[in-house]
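Structural overview
Residue-level listing of the chains:
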Amino acid sequence: MVNARAIDLTEALLALSRADQRAFTREAVDLSLIAEEAAETLHPVAAVQSVAVSVRGDAAVALGSPTLLQQLATNLVQNAVLHNSGPGGWVRVVTSATPGSAGLPGAAVLSVENTGEELAPSLIATLTEPFQRGTARIRSPHGAGVGLGLALVQRIADAHGGTLELAAREGGGLRATVTLPVATAAER
Ligand SMILES: Nc1ncnc2c1ncn2[C@@H]1O[C@H](COP(=O)(O)OP(=O)(O)O)[C@@H](O)[C@H]1O
Ligand SMILES: [Mg+2]
């Protein structure tokens, strides 16, 4: 167990430094496929927690590292499943794209929304800090990680010229929105 933890931590830190160095080749990545894959990966965990996961939306093609963007989506969906309210809870993953126009860049958007406990806005502002675990004192779900998940999502979004937005849902839970520059037709 201690070993598995150390490996998780090492892999997360390596991914962080890779994202920071922006040392990755960019290719066209459809966020809707990445989202499907993340949901599939987390399906067994969601089944155990009795949390319903849905994925819908349009193709949304960004330019980036398939590995890092897969990690970004998987971290968000994993968080949404594990930091949920348990049986009867849900996770909704939605992708969308807006084309660029008249000099304005288009956006490829991935949003992950989940039920869960009420989150104070002051807490949400700290969640992307490394090793920050919001409700750790109250509840630390098995397999949740070491508090690097959102730090990594933030840095992967940054490294792709995008943003991560976190917002408390009314009634509890979180909405995480990643917005990346959409790939142009020539880049696909
Ligand atoms: N989807 C979510 N819903 C509710 N709380 C969340 C969600 N994602 C993250 N959090 C909170 O943010 C903290 C930091 O997330 P993260 O960096 O992934 O660390 P970890 O999952 O290892 O605890 C979590 O401990 C949890 O308190
Ligand atoms: Mg996490």
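Preceding this section is the structure that the text describes.
Everything quoted here is computed from the prediction, not taken from an experiment.

**Considerations on the overall build of the chain**
Broken down by element type, the chain carries five helices and seven strands. Counted from the first residue to the last, the chain has its helices and strands arranged as α-β-α-β-β-α-β-β-α-α-β-β. Relative to a compact globule of 188 residues, whose C-alpha radius of gyration would be 16 Å, the chain shows 16 Å and is just as compact. Over its C-alpha atoms, taken along the principal directions, the chain stretches across nearly 50 × 35 × 30 Å. For the chain, buried positions account for 44% of its 188 residues. Looking at the chain alone, contacts between residues at least 24 apart form 72% of all its contacts between residues at least 6 apart. Measuring between centres, the 13 positive side-chain charges of the chain sit 4 Å from its 17 negative side-chain charges.

**Some words on the site of ligand 1**
Around ligand 1 sit 18 residues in total, of which N79, N114, R133, G147 and L150 are the nearest. A distance of 2.8 Å separates an oxygen atom of ligand 1 from a polar side-chain atom of N79. Within the backbone of G147, a nitrogen or oxygen atom sits 2.8 Å from an oxygen atom of ligand 1. For ligand 1, whose unbound accessible area comes to 530 Å², protein coverage reaches 96%. Secondary-structure elements contributing two or more residues to the shell around ligand 1 are α3 (66–82) and α5 (149–159).

**Let's talk about the sheet that holds strand β7 (residues 174–181)**
Taking strand neighbours across the sheet as the criterion, the five strands line up as β2-β4-β5-β7-β6 in an open arrangement whose pairing is mixed. Either end of the sheet is taken by a strand with one partner, and the two such strands are β2 (52–57) and β6 (163–168). Taken pair by pair, the neighbouring strands of this sheet meet at an average axis angle of 15°, ignoring direction. Here β6 runs beside β7; their pairing, made up of six bridges, is antiparallel. Residue E165 lies in a different strand from β7, and its bridge partner there is T177. Along the sheet, α3 makes contact with β2, β4 (90–98), β5 (107–114) and β7, crossing β5 at roughly 20°. Each of β6 and β7 touches α5; the most contacted strand, β6, lies at about 140° to it.

**Section: the packing of aromatic side chains**
Scanning all chains against the criterion turns up zero aromatic pairs. Positioned above the aromatic ring of W90 is the side chain of R92, whose terminal nitrogen or guanidinium carbon lies 3.6 Å from the ring centre.

**Section: the pattern of salt bridges**
Applying the stated criterion across every chain yields a total of two salt bridges. The partner of E113 in a salt bridge is R169, and the shortest N-O contact between them spans 2.8 Å. Of this pair, E113 sits in strand β5 while R169 sits in the loop between β6 and β7, placing them 56 residues apart in sequence. According to the relative accessible area criterion, E113 is buried, its value standing at 18%. On the accessibility criterion, R169 (16% relative accessible area) is buried. When the shortest N-O distance is used, the salt bridge between R175 and E113 registers 3.6 Å. Here E113 lies in strand β5 and R175 lies in strand β7, a separation of 62 residues in the sequence. A network of salt bridges, in which partner residues are shared, links E113, R169 and R175.

**Focus: the pairing of β7**
In this sheet, β7 lies alongside β5 in antiparallel orientation, the contact comprising eight bridges. Residue pairing across strands places S111 opposite T177, the latter belonging to β7.

**A closer look at the nonpolar core**
Counting residues in each nonpolar core, the largest one holds 44 residues, and the members touching the most others are L72, L76, L110, V112, L166 and V178. Elements with a contribution of two residues or more to this core: α1 (2–21), α2 (31–49), α3, β4, β5, α5, β6 and β7. With eight residues, α3 is the single largest residue contributor to this core. Leave out the neighbours within four places in its chain, and L110 touches L31, A35, L72, A73, L76, V93, V94, T95, A176, T177 and V178.

Definitions and cut-offs
For every chain, the first residue of the written sequence is number 1, and numbering continues from 1 along that sequence. All chains are assigned letters beginning at A, and all ligands numbers beginning at 1, according to the order in which they are written. Where local features are concerned, this predicted model is filtered to residues with pLDDT of at least 70; where side-chain atom pairs are given and counted, the filter is 80 or more; whole-chain, interface and lining totals use all residues. Computation of side-chain values covers all heavy atoms of the structure but excludes hydrogens and water. Strands here mean DSSP runs of E at least two residues long; helices mean DSSP runs of H or I at least four residues long; both are numbered from the N terminus. Only C-alpha atoms enter the radius of gyration, while the globule expectation follows 2.2 Å times N to the 0.38, with N the number of residues. The buried label goes to any residue with under 20% of its type's maximum accessible area, the exposed label to any with over 50%, and the partly exposed label to all in between, with areas taken from a 1.4 Å probe on protein chains only. Contact between two residues is taken to exist if any of their heavy atoms lie within 4.5 Å; hydrogens are not considered. Lys and Arg are tallied as positive, Asp and Glu as negative. Neither His nor the chain termini are counted. Charge positions come from single atoms, namely NZ of Lys, CZ of Arg, CG of Asp or CD of Glu. We call a residue near a given molecule or strand whenever any one of its heavy atoms falls within 4 Å of it. Here a polar contact is recorded for every N or O atom pair within 3.5 Å, except that within protein the pair must consist of a potential hydrogen donor and a potential acceptor, and residues adjacent in sequence are included only if both atoms are side-chain atoms. Surface accessibility in these figures is a Shrake-Rupley result with a 1.4 Å probe; residues are shielded only by whichever protein chains are displayed. Pairing between strands is defined by DSSP: at least two bridges between the two strands are required. Axes here mean lines fitted to C-alpha atoms, for a helix over just the part in contact, with angles spanning 0 to 180 degrees between N-to-C directions. Two rings belonging to Phe, Tyr or Trp (six-membered ring only in the last case) form a pair when the distance between their centres is within 6.5 Å. Interplanar angles under 30 degrees mark stacking, angles over 60 mark edge-to-face geometry, and anything in between is tilted. Here, a charge over a ring is recorded when the distance from Lys NZ or Arg CZ to the ring centre is within 6 Å and its angle to the ring normal is within 35 degrees. Salt bridges are defined by distance alone: a side-chain nitrogen of Lys or Arg within 4 Å of a carboxyl oxygen of Asp or Glu. Buried Ala, Val, Leu, Ile, Met, Phe, Trp, Tyr and Cys residues that are joined via side-chain atoms within 4.5 Å together make up what is termed a nonpolar core.

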